Amino acid sequence: MPKQQIAVIGGGFMGLGIAQLAATTGHDVVLIDRRKKDAAQAMHNIEWSLKKLYQKELITPSPKTVLARITPATELDAARDADLV
């Protein structure tokens, strides 16, 4: 399956889980939230989760590698190149 650009709107519990899973499986993700601080908090929560999963050897890519695939944004326009929203 080719690498896809995925846009996730909302960095709450469900949105950050979707973004994390998509990035862990190799997709580029744009995580869109209304406020910069909310997007930053979502990224922090994803980083925390990835570190736990990596320590328990439940994922193989490093947290740094997965986080590099996620771009936080605050504007819906960031989803314009997405294959899946």
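Description of the structure in this document.

## Side note on the packing of helix α1 (residues 13-24) against helix α2 (residues 36-55)
Relative orientation and spacing of two packed helices are given, respectively, by the angle between their axes and the distance between those axes.
Here is step 1: Put simply, α1 and α2 touch, their axes get as near as 10 Å, and they point 55° apart. On the basis of the axis angle, α1 is oblique to α2. Here the hand of the crossing between α1 and α2 comes out right-handed. Packed against α1, whose contacting residues are Leu 16, Ala 19, Gln 20 and Thr 24, the element α2 presents Ala 42, Asn 45, Ile 46, Ser 49, Leu 50 and Leu 53 at the interface.
Here is step 2: Split into classes, the residues belonging to the contact of α1 with α2 amount to 6 nonpolar, 4 polar and no charged.

## Thoughts on the environment of His 44
Here is step 1: Here His 44 lies in helix α2.
Here is step 2: Overall, His 44 belongs to the partly exposed group, its relative accessible area being 47%.
Here is step 3: Separated by 23 residues in the primary sequence, His 44 and Leu 67 have C-alpha atoms spaced 9.8 Å apart.

Conventions used here
- Sequence positions are assigned chain by chain, starting from 1 and proceeding in written order.
- Per-residue local features are limited, in this predicted model, to residues with pLDDT of at least 70; the limit for side-chain atom pairs, both in listing and counting, is 80 or more; totals at the level of whole chains, interfaces and linings are taken over all residues.
- Hydrogens are left out, water is left out, and the side-chain values use all remaining heavy atoms of the structure.
- In this description, a line fitted to the C-alpha atoms serves as the axis of each element, helices being fitted only across the stretch in contact, and the angle between N-to-C directions of two axes falls anywhere from 0 to 180 degrees.
- Elements are defined by DSSP. Helices are runs of H or I of four residues or more, strands are runs of E of two residues or more, and each kind is numbered from the N terminus.
- What sets the label is the angle itself: under 35 degrees gives roughly parallel, over 145 gives roughly antiparallel, 65 to 115 gives roughly perpendicular, and the rest give oblique.
- Each crossing gets its hand from how the near helix is turned against the far one by less than a right angle, where anticlockwise is left-handed and clockwise is right-handed.
- Throughout, a residue-residue contact means that at least one pair of heavy atoms, one from each residue, lies within 4.5 Å.
- Each residue gets one label: Ala, Val, Leu, Ile, Met, Phe, Trp, Tyr, Cys and Pro are nonpolar, Asp, Glu, Lys and Arg are charged, and the others, such as Gly, are polar.
- Each residue's exposure class comes from its accessible area (1.4 Å probe, protein chains only) as a fraction of the maximum for that residue type: buried when under 20%, exposed when over 50%, partly exposed otherwise.

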